[in-house]
Amino acid sequence: MKSMLNIVVFSGAGMSAESGIQTFRDSNGLWENHRIEDVATPQAWQKDPDLVTSFYNERRKSVILAKPNNAHEGVVELEELGDVLVITQNIDDLHERAGSSNVLHLHGNIRLAKSSGPDQEKAYYPINGWKLDNTSVCPDGYRLRPHVVWFGEEVPSYEKAAELLPSADVLIVIGTSLQVYPAAGLLQFATNAQQKFIIDPKADQLDIPSDFIKLNATASDGMSTVIRELKKRNS
Ligand code: APR
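Given the structure is predicted, the values throughout are model-derived calculations rather than measurements. (Residues numbered from 1 in each chain as written. Predicted model: local features only at pLDDT ≥ 70, side-chain atom pairs only at ≥ 80, totals over all residues. Heavy atoms only, no water.)

### A closer look at the side chain of Asn90
We apply this condition: Strands are runs of DSSP state E lasting at least 2 residues, helices are runs of H or I lasting at least 4, and numbering of each runs from the N terminus. Residue burial is assigned from relative accessible area. The probe radius is 1.4 Å, only protein chains are included, and a residue is buried under 20% of its type maximum, exposed over 50%, and partly exposed in between. Any pair of nitrogen or oxygen atoms within 3.5 Å is treated as a polar contact; in protein, a donor-acceptor pairing is required on top of that, and neighbouring residues in sequence qualify only through side-chain atoms on both sides. Two residues form a contact once any of their heavy atoms are found within 4.5 Å.
Position of Asn90 among the secondary structure elements: in the loop between strand 2 (82-88) and helix 6 (94-98). Its relative accessible area of 6% is what places Asn90 among the buried residues. Engagement of the side chain of Asn90 in a polar contact is seen with the backbone oxygen of Gly12, the distance being 2.9 Å. One polar contact links the side chain of Asn90 to the main-chain amide nitrogen of Ala13, over a distance of 3.0 Å. In this structure, Asn90 is in contact with Ser11, Gly12, Ala13, Met15, Ser16, His105 and Gly108, ignoring residues within four places of it in sequence.

### Topic: the pairing of strand 1 (residues 5-11)
For a regular strand, side-chain orientation follows a simple rule: the groups alternate between the two sheet faces. To be explicit about the condition: Paired strands are those between which DSSP finds at least two bridges.
Along strand 1, six of the seven residues are buried, which leaves the element largely enclosed by surrounding structure. Two elements, strand 1 and strand 2, share seven bridges in a ladder whose sense is parallel. Note on strand 2: the bridge partner recorded for Ile7 is Val84.

### Considering the sheet that holds strand 7 (residues 170-174)
Strand pairing in a sheet is mediated by backbone hydrogen bonds. Such pairs are either parallel or antiparallel. Convention followed: With axes taken as lines fitted to C-alpha atoms, and helix axes fitted only over the stretch in contact, angles between N-to-C directions fall between 0 and 180 degrees.
Strand order in the open sheet made by the six strands is 3-2-1-7-8-9, with parallel pairing throughout. On the outer flanks of this sheet lie strand 3 (103-105) and strand 9 (212-215), each paired with one strand and no other. Here the average twist between neighbouring strands, direction ignored, is 15 degrees. Taken together, the four bridges between strand 8 (residues 195-199) and strand 9 define a ladder with parallel strand orientation. Counted as the bridge partner of Ile199 is Leu215 from strand 9. Across the face of the sheet, helix 8 (residues 219-233) comes into contact with strand 7, strand 8 and strand 9 while running at roughly 165 degrees to strand 8.

### With respect to the site of the ligand
The condition is simple: Whether a residue is near a molecule or strand depends on its heavy atoms: if one lies within 4 Å, it is near. Throughout, the Shrake-Rupley method with a 1.4 Å probe supplies accessible areas, and for residues the shown protein chains are the sole cover considered. In this classification, the charged set is Asp, Glu, Lys and Arg, the nonpolar set is Ala, Val, Leu, Ile, Met, Phe, Trp, Tyr, Cys and Pro, and all remaining amino acids, among them Gly, are polar. Domain start and stop points were drawn from an automatic or database domain assignment.
With respect to spatial proximity, 22 residues lie near the ligand, and among them Phe24, Arg25, Thr176, Ser177 and Asp200 are the closest. Contact distances for the ligand include 2.7 Å between an oxygen atom and a backbone N or O atom of Phe24. Gly175 has a polar backbone atom sitting 3.4 Å from an oxygen atom of the ligand. For the ligand, whose accessible area on its own is 740 Å², the fraction buried by protein is 92%. Residues of the shell around the ligand, tallied by class, amount to eight nonpolar, nine polar and five charged. Residues lining the shell around the ligand come from more than one domain, with at least three contributed by each of domain 1 (1-21 + 69-107 + 155-235) and domain 2 (23-65 + 110-148).

### Overview of the nonpolar core
We apply this condition: Only buried residues count toward a nonpolar core. Its members are Ala, Val, Leu, Ile, Met, Phe, Trp, Tyr and Cys residues joined through side-chain atoms within 4.5 Å.
Judged by nonpolar contacts, the single largest core of 27 residues is most densely connected at Phe10, Ile87 and Leu171. For this core, the elements supplying multiple residues, two or more each, are strand 1, strand 2, helix 7 (158-164) and strand 7. In this view, Leu171 contacts Val8, Phe10, Leu165, Leu187, Ala190, Ala193, Gln195, Lys196, Phe197 and Phe212; residues no more than four positions away in its chain are not counted. Counting 22 residues, the second largest nonpolar core, distinct from the first, contains Val86, Ile174, Leu215 and Ile227.

### Considering the environment of Gly222
Mapped onto the secondary structure, Gly222 falls in helix 8. With 48 residues separating them along the chain, Gly222 and Ile174 place their C-alpha atoms 8.5 Å apart. Apart from the residues lying within four places of it in its own chain, the contact partners of Gly222 are Ile199, Leu215 and Ala217.

### Some details on the domain arrangement of the chain
So the rule is basically this: Whenever a carboxyl oxygen of Asp or Glu lies within 4 Å of a side-chain nitrogen of Lys or Arg, that contact is scored as a salt bridge.
You can read the domains of the chain as domain 1 (1-21 + 69-107 + 155-235) and domain 2 (23-65 + 110-148). Using only C-alpha atoms to locate each centre, domain 1 and domain 2 end up separated by 26 Å. Each partner contributes to the interface: domain 1 provides 15 residues, whereas domain 2 provides 13 residues. Run the count over domain 1 and domain 2 and you get two salt bridges. With a shortest N-O distance of 2.9 Å, Lys202 and Asp26 are connected by a salt bridge. Where domain 1 touches domain 2, the interface holds five residue pairs in polar contact (both at pLDDT 80 or more). Among the residues making up the side of domain 1 that touches domain 2, the classes are represented as seven nonpolar, four polar and four charged.

Here it is in structure tokens:
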């Protein structure tokens, strides 16, 4: 029995671009049309929780209407080659809806809500449909907010991701500009990965270590190339 690979997929907004979900820093990206400080910081929530709630309601609506694309399905296909852990910066649930069962959300999950009080990581509550109501209150008495990590907030699953990365034989980075920390810094923990790929139409413009194989491609085209390559190398 061939030894099964430990594969880690590290994904960003480019993973969901072909599903019609805006990235953040491409032309016409989300941060071109919204000021981060108005909608994605704890201060924004203090200042205008209704604005923040409706910003994420709109994004949740587009996530629900979107479908997983061939790249998400390619990540599921990798499970034929071994154990696959998805570490995603995305707050959409397209990896899960494609069938990935081991997904770690670094920046939260837009389909869930949590308390806006001090114990906000204690429990997460599924949001039915696209709208988190302005009057929704958590059992602890605080208003419910989206389970999304805002700029300036801790990344609760960072330590877990850092612990899991050293076991990766294969690391596939896909659809991220690697500009946001601490998430982007996690790649340094993949110290034992013999095969490292980065998939991005602008891969050759990204500042990444030389041991990564660069694929200047969309997520779906890049994933099919990597799957073919891995099957060839590990069959
Ligand atoms: N296929 C693959 N990659 C793509 C595609 C595509 N079809 N389209 C765009 N990309 C690439 C872009 O070239 C870019 O490198 O996806 C990347 C998207 O980068 P960002 O918009 O910066 O998104 P991301 O890296 O995920 O941002 C990280 O920033 O705003 C915060 O919390 C937010 O999780 C997000 C974090």
